[in-house]
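In case you want the letters, here they are:
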Amino acid sequence: MSQWLSRNRSKLEHALRMTVACLAAYACAEALGLPEAFWATITALMVMQSNVGGTLKAALERFIGSLLGALYGSAIVHFIPHSDEWTRAGALILAVAPLSYLAAINAGFRIAPMTAIIVLLGNIGASLGPLGFAERRVLEVGLGCTVGLLVSMLVVPVRAARSVLETASKVTRLLAEQLETLADSDDIPQERLSALVTQTLQGLHGLETSVGEAARERRSRLTDLPDPEPLLWTLMRLRHDVASIRQDVGKPGQEAFEDLAAKEWRSVARTAAAHLRALADSLENRQPPEEQSEAMIQAIGAYHAAIDAMKRSTQTQNLTTENLWWLAGTGFALEQLHRDINDLSDRVRGFSKAR
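Worth saying up front: this structure is predicted, and the values here are computed from it rather than measured.

Participant: Go over the overall build of the protein, please, and point to the residues and values.
Facilitator: When you go through the protein residue by residue, the secondary structure sums to 14 helices and zero strands. Across the 355 residues in the protein, those meeting the buried criterion constitute 45%. Long-range pairs, those at least 24 residues apart, make up 78% of the contacts in the protein with a sequence separation of at least 6. When the accessible surface of the protein is split by element, carbon and sulfur atoms take 59% of a total near 18400 Å².

Participant: I'd like to hear about the packing of aromatic side chains, residue by residue, with values.
Facilitator: For the structure shown, the criterion picks out one aromatic pair. In this structure, R137 is placed above the aromatic ring of W39, and the distance from its NZ or CZ to the ring centre is 4.1 Å.

Participant: So, the UniProt feature "transmembrane region" (unreviewed entry) in the protein: which residues are in play, and what are the values?
Facilitator: In the numbering used here, UniProt assigns the "transmembrane region" (unreviewed entry) feature to residues 63-80, 86-104, 111-129 and 141-160. Helix makes up 94% of residues 63-80 and strand 0%. Its end C-alpha atoms lie 25 Å apart. With 100% helix and 0% strand, the stretch residues 86-104 has end C-alpha atoms that lie 26 Å from each other.

Participant: Tell me what's going on with the side chain of T271, and back it up with residues and numbers.
Facilitator: For T271, the position within the fold is in helix α12 (residues 255-285). With a relative accessible area of 19%, T271 lands in the buried category. Setting aside chain neighbours within four positions, we find T271 in contact with A295, M296 and A299.

Participant: Please provide a residue-by-residue account of the packing of helix α4 (residues 52-79) against helix α5 (residues 85-105), values included.
Facilitator: Two numbers describe how α4 lies on α5: the axes approach to 10 Å, and their chain directions differ by 155 degrees. Looking at the two axes, α4 sits roughly antiparallel to α5. For the element pair α4 and α5, the recorded crossing hand is right-handed. For the pair α4 and α5, contact is made by L68, G69, Y72 and I76 and by A91, L94, A95, P98, L99 and L102, respectively.

Participant: Give me the lowdown on the side chain of R137, citing residues and values where you can.
Facilitator: Position of R137 among the secondary structure elements: in helix α8 (residues 130-154). Here the side chain of R137 touches E140 through a polar contact of 3.2 Å, side chain to side chain. Each residue touching R137, except ones within four places of it in the same chain, is listed here: E36, W39, T115 and I118.

Participant: Any chance you could break down unusual backbone geometry for me, citing the residues and the numbers?
Facilitator: The phi dihedral of R286 falls on the positive side, at around 55 degrees, and the residue is not glycine. Within the secondary structure, R286 sits in the loop between α12 and α13 (293-312).

Participant: Lay out the packing of α4 against helix α6 (residues 111-121) with the relevant residues and their values.
Facilitator: The N-to-C vectors of α4 and α6 enclose an angle of 35 degrees; their axes lie 7 Å apart at closest approach. Pair α4 / α6 crosses with right-handed handedness. Along the contact surface, α4 presents E61, R62, G65, S66, G69, A70, G73, S74, I76 and V77, while α6 presents I111, A112, T115, A116, V119 and L120. Class assignment for the residues of the contact of α4 with α6 results in eight nonpolar, six polar and two charged.

Participant: Residues and numbers for a nonpolar patch on the surface, please.
Facilitator: Taken together, the side chains of L60, F63, I64, L67 and L71 make up a nonpolar region of the molecular surface, amounting to roughly 420 Å² of accessible area. Structurally, the position occupied by L60 is in helix α4. Looking at L60, the relative accessible area reads 47%, which means it is partly exposed.

Participant: Outline the environment of T223, listing residues and values.
Facilitator: One can find T223 in the loop between α10 (190-219) and α11 (229-248). For the pair T223 and A161, spaced 62 residues apart in the sequence, the C-alpha separation amounts to 7.5 Å. Setting aside anything within four residues of it in sequence, one finds T223 in contact with A161, E217 and R218.

Participant: Lay out the environment of E291 in plain terms, naming residues and giving numbers.
Facilitator: Among the structural elements, E291 can be located in the loop between α12 and α13. C-alpha separation for the pair E291 and S345, spaced 54 residues apart in sequence, amounts to 8.5 Å.

Participant: Mind laying out the pattern of salt bridges, listing which residues take part and the relevant values?
Facilitator: Taken as a whole, this structure holds 12 salt bridges when the rule is applied. Note that E36 and R137 form a salt bridge whose closest N and O atoms lie 3.5 Å from each other. Residue E36 is located in the loop between α2 (9-31) and α3 (37-47), and its partner R137 is located in helix α8; the two are separated by 101 residues in the primary sequence. Per residue, the accessibility class of E36 equals that of R137, and both read buried. Residues E180 and R277 are paired through a salt bridge, measuring 2.9 Å at the closest nitrogen-oxygen approach. Within this pair, whereas E180 is found in helix α9 (residues 160-183), its partner R277 is found in helix α12, the two being separated by 97 residues in sequence. Through salt bridges that share partners, R237, D340, D343 and R347 make up one connected network.

Cut-offs used in this document
In every chain, residue numbers begin from 1 and rise along the written sequence. Selection of residues for local features in this predicted model requires a pLDDT of at least 70, selection of side-chain atom pairs for listing and counting requires 80 or more, and totals for whole chains, interfaces and linings are taken over all residues. To obtain the side-chain values, all non-hydrogen atoms of the structure were used and water was disregarded. Every helix listed is a DSSP run of H or I at least four residues long, and every strand listed is a run of E at least two residues long, numbered separately from the N terminus. Only protein chains enter the accessibility calculation, which uses a 1.4 Å probe. A residue is then buried if its area is under 20% of the maximum for its type, exposed if over 50%, and partly exposed in between. Whether two residues touch is decided by their heavy atoms; if any such pair falls within 4.5 Å, the residues are in contact. Throughout, the Shrake-Rupley method with a 1.4 Å probe supplies accessible areas, and for residues the shown protein chains are the sole cover considered. In summary, the pairing rule links any two rings of Phe, Tyr or Trp, Trp by its six-membered ring, whose centres are within 6.5 Å, and it sorts them by plane angle into stacked for under 30 degrees, edge-to-face for over 60 and tilted for everything else. For a ring to carry a charge above it, either NZ of a lysine or CZ of an arginine must fall within 6 Å of the ring centroid while also lying within 35 degrees of the normal to the ring plane. UniProt positions are given in the numbering used here, feature names are shortened, and annotations may be inferred rather than shown by experiment. Every angle, taken between N-to-C directions, lies between 0 and 180 degrees, and every axis is a line fitted to C-alpha atoms, over only the stretch in contact when it is a helix. Geometric relationships in this document are graded by angle, where less than 35 degrees denotes roughly parallel, more than 145 denotes roughly antiparallel, 65 to 115 denotes roughly perpendicular, and other angles denote oblique. Should the near helix be turned counterclockwise from the far one by less than a right angle, the crossing is left-handed, whereas a clockwise turn marks it as right-handed. Polar contact criterion, stated in full: a pair of N or O atoms within 3.5 Å, where within protein one must be able to donate a hydrogen and the other to accept it, and residues adjacent in sequence count only if both atoms are side-chain atoms. Three classes are used: nonpolar for Ala, Val, Leu, Ile, Met, Phe, Trp, Tyr, Cys and Pro, charged for Asp, Glu, Lys and Arg, and polar for all others, with Gly counted as polar. Excluding any residue in a salt bridge, patches collect residues exceeding 30% relative accessible area, merging like charges within 9 Å and nonpolar Val, Leu, Ile, Met, Phe, Trp and Tyr side chains within 5 Å. Just to be clear on terms, a salt bridge is a Lys or Arg side-chain nitrogen sitting within 4 Å of an Asp or Glu carboxyl oxygen.

Structure below.
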C-alpha cells in the first residue's frame, strides 16, 4: 500500500487540488448568490493544472477568452438583428468565425467562440440582456479562475520549477543510458536504443512545456530559480551530440576502427555517461555537482593518443577516406560532448545555489 501511495503521490495530490478547487468555487458562487454556480465550478476544474505555472497560464487564457467572447457576442446580439432562423444563422457566423480564427492562432482562447455562442443562443442571455449576461458570465468565470489559482498555490502546491528539475534529470539519465548502450555492446541493440531515443525526445518536449510554465512563475515572483531556458538548450545540444555519435557507431565499414580505437572511444563514452548520471543526481537533489571534468579530459586525451599511434604505425594507410573522416569527426564530436557537459555542469551549479 505504501509503495502504491509513493508511486501515485503526485496524481493523488492533483486530484485533491481539483476536488478542493471545485468545492471552494461552488461555495463562493453560492455565497455571492450567483444563480449558475456550475460555471464557476467547471472553470475552477478546467484551469487546474499539474503545477502553479500551468494553472496561471490556463486561468489567464480562460478569463481573457471568456471576456472577449462575452463582449464580442454581446456586440453581435446588440447590433445584428436575429429574429428568424436565417438572420440568426448569419449572426452566428459573424460571432464564431473571427473568434475561431483567434482560437486557431492561440488554442488557449478556444473558450471565446463557445462563450459568444452561449450569449447569442442562450435563453438566459435573452432574459438578462446581452450586457447583463456578459457581466454575469465574466464574474462566474473570473471567480472560478481565481479560486483555481489560489488552490493551486495553497493546497499542496507544485511549482513548475520543480517539474523542470525533475524532467531535466530524467533526460540527462536517458542521455547517459544511450552512451552506455553504445559503449557496452559490440552488437548494439537497436530496439533498445530506439526506445531510449524516443523517450529522450518525449522528455525534451515535456521539459520545453515546463520551462514555459516556470518562466511565468518567475515573472510572477513565485520562484527565485535561474532562468531554466539555458538548461533546456544545453540538453538539446547534448542530445544532438549523442545523436551524432550514435549515427556513426556501428556503421558498416568501421571494422578497422573497432579493432584499433574501440577501447579508447568506449572509455570516453562511459566516462561521459558517469558524469551525466552525477549531474542528474545533482539536479534531482539540488546539490552542487562534483568536479569531474579531469576524467573526461584524460579519456579524450587517450583517444587522441590512440589515433596518433595509428598514424605513426602507418595503420591508417589501409583505411578508406570515409574511415579517416569518421575518425576525425568522432574526435570532434567527443570534444563537443565534453564542452556541452561542462556547460550543463555550470547550469546545474546555478540551480543548486538558488532557493
